Amino acid sequence: MSFNHKLLLTIATALCLPLGMAETATAQIRQEITLGDNWQFSRDSIHWQEVSVPHDWAIAGPFDKKWDLQYVAISQNGETEKSEKSGRSGALPWIGKGYYVRTFSVPSRYEHAILHFDGAMSEPTVYVNGHRAGYWAYGYNAFRVDVTPFIHRDGRPNTLAVSLSNEEESSRWYPGGGIYRPVTLILTGNTRLDRWKTFYQTTKVQGDKALMHLQTATDGKEKGLAIVLTLLDANGRSVATKKADISDGTADFSFSVDHPNLWSPESPYLYTARLQLFHGRKLIDERQDKIGIRTISFSKDHGFMLNGKSRKFQGVCLHHDLGPLGAAVNKAALIRQVKILKDMGCDAIRTSHNMPSTMQMEVYDSLGMMVMAESFDMWKYPKCKNGYARFFDRWADKDITNLVLNHRNHPSLVMYSIGNEIPEQWSEEGRQIAAHLQSLCHQLDPTRPVTQGMDRAEDALKSGFAQTMDIPGFNYRVQKYDTNIRQLPKGFLLGSETASTVSSRGVYKFPVTISDHNTYPDGQCSSYDTEYCSWSNLPDADFLMQEDRPYTIGQFVWTGFDYLGEPTPYDNYWPSRSSYFGICDLAGLPKDRYYLYRSVWNKRSHTLHVLPHWTWPGREGQVTPVFVYTDYPSAELFINGKSQGRRTKKAYSVAVADAKTEKPLLETKALLERYRLMWDSVRYEPGVVKVVAYDEKGNIADSTEIKTAGPAAKLMLQSDRESLRRDKNDLAYITVSLTDKDGTLCPDADDEIDVTVSGNGGFEAVCNGDATSLESFKVPHMKLFHGQLVITVHAGTATAPVVVTVKGHGLQGSISIPVK
């Protein structure tokens with residue numbers, strides 16, 4: 001259906017929509033209002049419910065294989081014959097139409113109004129007071145609608161409506177459905193500043209001085225304008241000021257900052273740039289941006305340099321869903337992700353395969369994560385029947401423009417990506433498209449390079465597609481790096497997507513084998529971290545190439561967290577409905593693989609992690625290998641006090657391939673022994689496993705123990721937050737573990753857990769990380785998966801605590817979280 005004026009007014013009146021405003025109207029020259037609450041939502045325009053935005057209409061389920069059931073061959077996985085793919089896009093009800101309605105008022109002193117949508121899935125059409133005000137095709141992009149011609153400015157309510165439509169077979173993963181990112185109403189005078197026309201650049205940092213540059217433009221017809229820039233440090237002190245006249249609606253000038261604090265992942269220092277617009281002596285607009293001072297460069301001799309120092313990206317790829325929250329973006333959830341990743345040693349994120357949200361970029365700025373901001377998963381050639389290829393010719397330039405203008409002031413952003421595994425990479429047409437999109441990025445932002453992830457190296461190099469890119473990015477096939485680099489004049493390459501190792505938290509399969517095709521009747525993968533896909537590899541291969549090849553500039557691992565949809569290697573297995581690639585599971589709990597990456601990447605803290613767990617009733621006397629992930633060079637293993645020997649990491653290298661030979665980087669035990677300590681012949685006996693680690697000099701440096709669990713005796717609850725803010729969008733994640741009396745996890749427990757949230761807050765979601773679970777995330781009841789699950793709760797608006805109580809296995813546990 002399409003909305004019309006009469007229908008809108010009827011809906012608004014019938015539902016008694018409030019005049020929702022996030023801020024009280026005062027005598028301000030600019031007001032930016034988040035339209036979060038008081039939305040009415042419907043799937044059929046008949047039955048309505050009140051919701052808050054961001055909102056994902058599909059995440060509550062139910063899971064069902066009928067949702068977007070696809071019968072396809074996935075060419076990216078090397079498939080040539082079609083087969084049923086029941087969980088490819090998450091098996092949740094995101095397909096179809098949805099409708100959102102709310103009202104807002106505009107005080108008469110404001111002459112201009114813009115609605116900023118950070119993302120709506122998908123094909124949003126915006127109506128204001130019955131008038132079609134705007135449309136955007138791509139659900140992942142931010143867009144703005146000038147609603148000035150359609151609004152009442154006399155205090156009468158304005159009715160805002162948004163219609164959305166999601167087509168079947170339009171995604172290779174779970175996209176979500178709804179207005180899943182924030183909506184902001186921006187009110188100003190007729191002559192105004194524009195964030196998307198304001199661009200801060202770090203030109204040079206030399207000695208104790210940074211040279212900066214500002215380009216900005218105003219909207220409106222007023223003459224005799226001037227702007228004043230004031231740069232404030234983190235303590236609010238002015239460190240630079242500049243005044244400039246506006247000429248032909250623009251201003252373009254340089255300024256300097258003495259003794260700058262440079263932004264980096266290790267020290268994400270942010271300044272506040274306050275920009276004021278004057279007409280004569282009258283202040284007519286003012287806005288602020290958080291910016292960072294930092295330099296980036298890429299070269300054959302130095303690779304990637306941040307602030308003049310060479311480093312290699314230790315990055316991960318992330319899909320946009322937040323596990324049990326679905327696609328609805330949330331700041332607390334993003335912060336949790338970043339903190340988990342940073343403790344692993346991760347310093348960069350690729351927003352695969354779509355534009356990031358503004359909220360994401362703000363979190364990455366403030367916590368210190370470098371970003372590859374991606375755009376498209378396809379161009380003209382469709383990877384799925386109703387994907388973005390429908391829009392590419394008409395919308396690609398618009399989408400790249402919005403991506404760049406929306407995000408170019410974020411210091412965390414270090415490169416753009418214009419595509420992922422684009423089928424056209426073999427062709428001259430593809431090379432020309434790549435050159436065009438890259439040029440467009442350069443026109444809008446000459447300070448950052450452009451890349452994309454290529455999965456057909458020979459084709460991309462033969463066509464010139466790879467050589468066109470500022471940063472040649474290659475997905476997987478690390479054994480081809482040596483031959484690739486010989487054909488790349490730039491002299492460096494990026495692992496734009498790496499590993500795709502698969503595992504399920506807490507699951508261990510015997511015998512332990514290195515395999516690219518293992519599957520099991522239970523739909524799980526082994527956490528011995530020796531299983532991958534036919535087109536991918538184990539982490540150890542990427543570690544080796546990053547360490548041993550000077551021409552590599554880093555990697556982005558697929559993926560940091562499990563995500564909904566794409567359940568490889570169980571694409572044909574129901575009820576698998578989410579991925580196994582994650583270093584952390586869908587609930588955000590680290591898998592064993594997390595500690596393998598941590599042992600290599602985290603240079604600030606030691607790692608000493610033992611696997612598997614040591615509770616194996618029925619395996620007595622059977623071979624149960626023990627692996628240790630550690631940054632220490634050697635360790636000794638003890639089972640019930642008896643030494644199983646000392647292991648030392650072994651040297652292993654792969655000779656550089658000559659011009660005619662592609663030397664395979666074999667996934668062998670010898671490769672693994674460079675990064676892992678392994679005892680392959682240990683026979684299981686209940687008791688205590690102890691590992692003693694030694695430093696480079698042979699001195700005892702650390703130790704750790706794991707024990708066989710006794711009978712279940714406690715439900716332990718641990719929150720990621722010590723306290724919450726009085727904000728219903730502020731979240732705490734509570735990990736629930738079933739343990740014995742001494743706190744040892746019962747690793748195979750699958751008890752049903754009931755959740756009650758009382759006090760000043762509410763239940764938000766629950767997730768156990770099981771890719772085959774069909775239990776709803778939005779019902780406060782779920783089975784443990786290998787002894788654990790995670791509950792998400794939100795704060796209330798008072799100052800009393802929120803209390804979470806769980807019951808299961810005849811036990812009860814609770815935790816109280818202060819709200820301040």
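Only a predicted model underlies this, so the values are computations on that prediction, with no experimental measurement involved.

Visitor: Describe the overall build of the protein, with residues and values.
Guide: Across its full length, the protein carries 11 helices and 46 strands. Rg of the C-alpha trace for the protein: 27 Å, near the compact-globule value of 28 Å for 820 residues, within the 12% margin. Taking the principal axes of its C-alpha atoms as reference, the protein extends roughly 85 × 65 × 55 Å. The contacts in the protein between residues at least 6 apart in sequence include a share of 70% that link residues at least 24 apart. Entry remark: accessible area of the protein is about 30800 Å², with carbon and sulfur atoms responsible for 48%. For the protein, the separation between the mean place of its 91 positive charges and that of its 94 negative charges on side chains is 4 Å.

Visitor: Hey, could you go over the sheet that holds strand E45 (residues 802–808) for me, with residue numbers and the actual values?
Guide: Judged by pairing direction, the sheet is antiparallel, and its 4 strands sit side by side in the order E43-E41-E45-E46 without closing on themselves. If you trace the sheet from one side to the other, it starts and ends with strand E43 (781–783) and strand E46 (811–817), each paired once. For this sheet, the mean angle separating the axes of adjacent strands, direction not counted, is 25°. Note that strand E41 (residues 752–759) and E43 share 3 bridges and pair antiparallel.

Visitor: Break down the pairing of strand E25 (residues 348–351) for me, citing the residues and quoting the values.
Guide: Consecutive side chains of a regular strand alternate in pointing toward one face of the sheet and then the other. Alternating positions in E25 separate into two faces, Ala 348 and Arg 350 on one and Ile 349 and Thr 351 on the other, with burial throughout. Relative to E25, strand E24 (residues 313–318) runs parallel, the two sharing 4 bridges. Across the sheet, the residue bridging to Cys 317 is Arg 350, located in E25. Note on the crossover from E24 through helix H2 (residues 331–344) to E25: the handedness is right-handed. Relative to strand E26 (residues 370–374), E25 is paired through 3 bridges, and the arrangement is parallel. The residue of E26 that forms the bridge with Ala 348 is Met 370. Taking the sense of rotation as the criterion, the β-α-β connection linking E25, helix H3 (residues 358–367) and E26 turns out right-handed.

Visitor: Explain the pattern of salt bridges residue by residue, including any values.
Guide: Under the definition given, this model contains 41 salt bridges. Here Lys 385 makes a salt bridge to Glu 168, at a shortest N to O gap of 3.9 Å. Of the two residues, Lys 385 is situated in the loop between E26 and helix H4 (392–407) and Glu 168 in the loop between strand E11 (158–166) and strand E12 (183–188); the sequence distance between them amounts to 217 residues. When the shortest N-O distance is used, the salt bridge between Asp 548 and Arg 674 registers 2.8 Å. Of this pair, Asp 548 sits in helix H9 (residues 539–548) while Arg 674 sits in helix H11 (residues 669–675), and the two are 126 residues apart along the sequence. Given a relative accessible area of 26%, Asp 548 falls into the partly exposed group. The class of Arg 674 is buried, set by a relative accessible area of 15%. Each of the salt bridges in this network shares a partner with another, and the network as a whole consists of Arg 172, Asp 377, Lys 383 and Glu 566.

Visitor: Any chance you could break down the packing of H2 against H3 for me, citing the residues and the numbers?
Guide: Closest axis-to-axis distance for the H2/H3 pair is 10 Å, and the angle between their directions is 40°. By the angle between their directions, the pair H2 and H3 is classed as oblique. The handedness of the crossing between H2 and H3 is right-handed. Here Lys 331, Leu 334, Ile 335, Val 338 and Lys 342 of H2 come into contact with H3, specifically with Met 359, Gln 360, Val 363, Tyr 364 and Leu 367.

Visitor: Any chance you could break down a negative patch on the surface for me, citing the residues and the numbers?
Guide: Where like charges cluster on the molecular surface, the negative patch consists of Asp 748, Asp 750, Glu 752 and Asp 754. Tracing the backbone shows Asp 754 in strand E41. A relative accessible area of 40% means that Asp 754 is categorised as partly exposed.

Visitor: So what about the environment of Asn 518? Which residues, and what values?
Guide: Inspection of the secondary structure assignment puts Asn 518 in the loop between strand E30 (493–499) and H9. What makes Asn 518 buried here is its relative accessible area of 17%. With sequence-adjacent residues up to four places away left out, Asn 518 is seen in contact with Thr 513, Glu 531 and Pro 569. Within the local environment of Asn 518, its side chain forms a polar contact with the side chain of Tyr 520, the two groups lying 3.2 Å apart. Within polar-contact distance, the side chain of Asn 518 engages the side chain of Glu 531 at 3.2 Å.

Visitor: Got a sec to walk through the side chain of Ser 773? Specific residues and values, please.
Guide: The residue Ser 773 is located in the loop between strand E42 (761–767) and E43 in this model. Within the local environment of Ser 773, its side chain forms a polar contact with the side chain of Glu 775, the two groups lying 3.2 Å apart.

Visitor: If you had to explain unusual backbone geometry to someone new, which residues and values would you point to?
Guide: Residue Pro 62 is bonded to the preceding Gly 61 through a cis peptide linkage, with omega at 10°. That bond from Ser 352 to His 353 is cis: its omega, -10°, falls within 30 degrees of zero. Locating His 353 in the fold gives a position in the loop between E25 and H3. A positive phi is found at Ala 91, a non-glycine position, where the angle reads about 55°. Here Ala 91 shows up in the loop between strand E5 (83–85) and strand E6 (96–104). Judged by relative accessible area, Ala 91 falls into the buried class, the value being 1%.

Visitor: Talk me through the side chain of Arg 598; I want residue IDs and the actual numbers.
Guide: Checked against the element boundaries, Arg 598 lands in helix H10 (residues 592–601). Discounting chain neighbours no more than four positions away, the residues touching Arg 598 are Asp 343, Met 344, Ser 605, His 606 and Thr 607.

Visitor: Provide a residue-level description of the sheet that holds strand E1 (residues 31–34), including the pertinent values.
Guide: The strand order E1-E12-E7-E10 describes an open sheet built from 4 strands, whose pairing is antiparallel. Lying at the two open borders of the sheet, with one neighbouring strand each, are E1 and strand E10 (143–146). Each neighbouring strand pair of the sheet contributes to a mean axis angle of 20°, computed without reference to strand direction. Summarising the sheet, strand E7 (residues 112–117) and E12 pair through 6 bridges and their orientation is antiparallel. Bridge pairing in E12 links Leu 115 to Leu 185.

Basis of the calculations
- Residues numbered from 1 in each chain as written.
- Predicted model: local features only at pLDDT ≥ 70, side-chain atom pairs only at ≥ 80, totals over all residues.
- Heavy atoms only, no water.
- Helix = DSSP H or I, 4+ residues; strand = E, 2+ residues; numbered from the N terminus.
- Rg over C-alpha atoms; globule rule 2.2 N^0.38 Å.
- Contact = heavy atoms within 4.5 Å.
- Areas by Shrake-Rupley, 256 points an atom, 1.4 Å probe, with all protein chains shown as cover.
- Lys, Arg positive; Asp, Glu negative; His and termini not counted.
- Charge placed at Lys NZ, Arg CZ, Asp CG, Glu CD.
- Pairing = 2+ DSSP bridges.
- Axes fitted to C-alpha atoms, helices over the stretch in contact; angles between N-to-C directions.
- Buried < 20%, exposed > 50% of the residue type's maximum accessible area, 1.4 Å probe, protein only.
- Right-handed = clockwise from strand over helix to strand, strands pointing away.
- Salt bridge = Lys/Arg side-chain N within 4 Å of Asp/Glu carboxyl O.
- Parallel < 35°, antiparallel > 145°, perpendicular 65-115°, else oblique.
- Left-handed = near helix turned anticlockwise from the far one by under 90°.
- Patch = residues over 30% accessible without salt bridge, like charges linked within 9 Å, V, L, I, M, F, W, Y side chains within 5 Å.
- Polar contact = N/O pair within 3.5 Å; in protein donor to acceptor, adjacent residues only side chain to side chain.

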